[in-house]
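If you want the building blocks of each chain, they are given just below.
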Amino acid sequence: VYDSDSRRYSITRAVPIHDKIDADSGEIVGIVQAIVSLDALSNILLNSRFGETGIVEIFLEGDRHLVVDDNGDISIKNSELDTESLAFVKLPDQPFIVTEFEDTSHFLSSVYINTLTNEPAIAQLRWIILATQHADEILASVSEQQRINTILGIIVVISAGVVAAYVGQRITQPI
């Protein structure tokens, strides 16, 4: 929920209070409600950025996702992903996919939010963390390693040719 007075997003969670230990048979005697500001979450998402193009978002219900801009301001937007990428995000069963949006290739990786102790209240939210980064940036180290390997290969081939010519000349000279 966006509170226009405080200019902040917050989450409202409510849980029934039962008069017996067995929640299924007890009468509801009250409700506990908490309103939690998303400011802490904003700081976490802002500090979770990686590389120059890597960002982390949280997908909420439907196609909406929580995004933090460079100033740390939270906004909730509808997704701009295509249907295939959105299906991947909503059912994260692969480690990552490569997709095209904003006229560049991106790596997407998503996972359901959970806690170390698998708290049911968090798991039932079914929120998803999505990490996105430009493919060029992710593959830059691979491309650099390929260039180095190519240069080393050429050096080895030339060196082997020079050594072979020298050894061949030394062997055939006495004959």
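Note that the structure is a prediction, hence the values are computed from the model and not measured.

1. Digging into the overall build of the protein chain
- Counting its regular elements, the protein chain contains five helices and nine strands.
- Starting at the N terminus, the α and β elements of the protein chain follow one another as β-β-β-α-β-β-β-α-β-β-α-β-α-α.
- A compact globule built from 175 residues would reach a C-alpha radius of gyration of about 16 Å, whereas the protein chain, at 28 Å, exceeds it by more than 25%.
- Its C-alpha atoms put the protein chain at 110 × 40 × 30 Å along the principal axes.
- Out of the 175 residues belonging to the protein chain, those deemed buried represent 23%.
- When contacts within the protein chain are restricted to residue pairs at least 6 apart in sequence, long-range pairs at least 24 apart make up 37% of them.
- Within the structure as shown, the protein chain displays about 12,500 Å² of accessible surface, and the carbon and sulfur contribution to it stands at 57%.
- For the protein chain, the separation between the mean place of its 11 positive charges and that of its 25 negative charges on side chains is 4 Å.

2. Focus on the pairing of strand E2 (residues 8–18)
- In the sheet, strand E1 (residues 2–3) pairs with E2 via two bridges, with the strands oriented antiparallel. Pairing of Asp3 across the sheet is with Arg8, part of E2.
- Sheet topology note: the E2/strand E3 (residues 28–37) ladder contains nine bridges and is antiparallel. Following the sheet pairing, Ala14 is matched in E3 by Gln33.

3. Regarding the nonpolar core
- Grouped together as the largest cluster of nonpolar side chains are 13 residues, with contacts concentrated most on Leu38, Leu45, Ile58, Leu60, Leu66, Ile74 and Trp127.
- Among the elements of the structure, E2, strand E4 (55–59) and strand E5 (64–68) are those that each provide at least two residues to this core.
- Ignoring any residue separated from it by four or fewer positions in sequence, one finds Leu38 in contact with Tyr9, Ser10, Ile11, Leu66 and Ile74.
- In this structure, Leu81, Leu86, Ile97 and Phe101 belong to the second largest nonpolar core, which totals ten residues.

Here is what the cut-offs are and how they apply
- Residues numbered from 1 in each chain as written.
- Predicted model: local features only at pLDDT ≥ 70, side-chain atom pairs only at ≥ 80, totals over all residues.
- Heavy atoms only, no water.
- Helix = DSSP H or I, 4+ residues; strand = E, 2+ residues; numbered from the N terminus.
- Rg over C-alpha atoms; globule rule 2.2 N^0.38 Å.
- Buried < 20%, exposed > 50% of the residue type's maximum accessible area, 1.4 Å probe, protein only.
- Contact = heavy atoms within 4.5 Å.
- Areas by Shrake-Rupley, 256 points an atom, 1.4 Å probe, with all protein chains shown as cover.
- Lys, Arg positive; Asp, Glu negative; His and termini not counted.
- Charge placed at Lys NZ, Arg CZ, Asp CG, Glu CD.
- Pairing = 2+ DSSP bridges.
- Core = buried A, V, L, I, M, F, W, Y, C linked by side-chain atoms within 4.5 Å.

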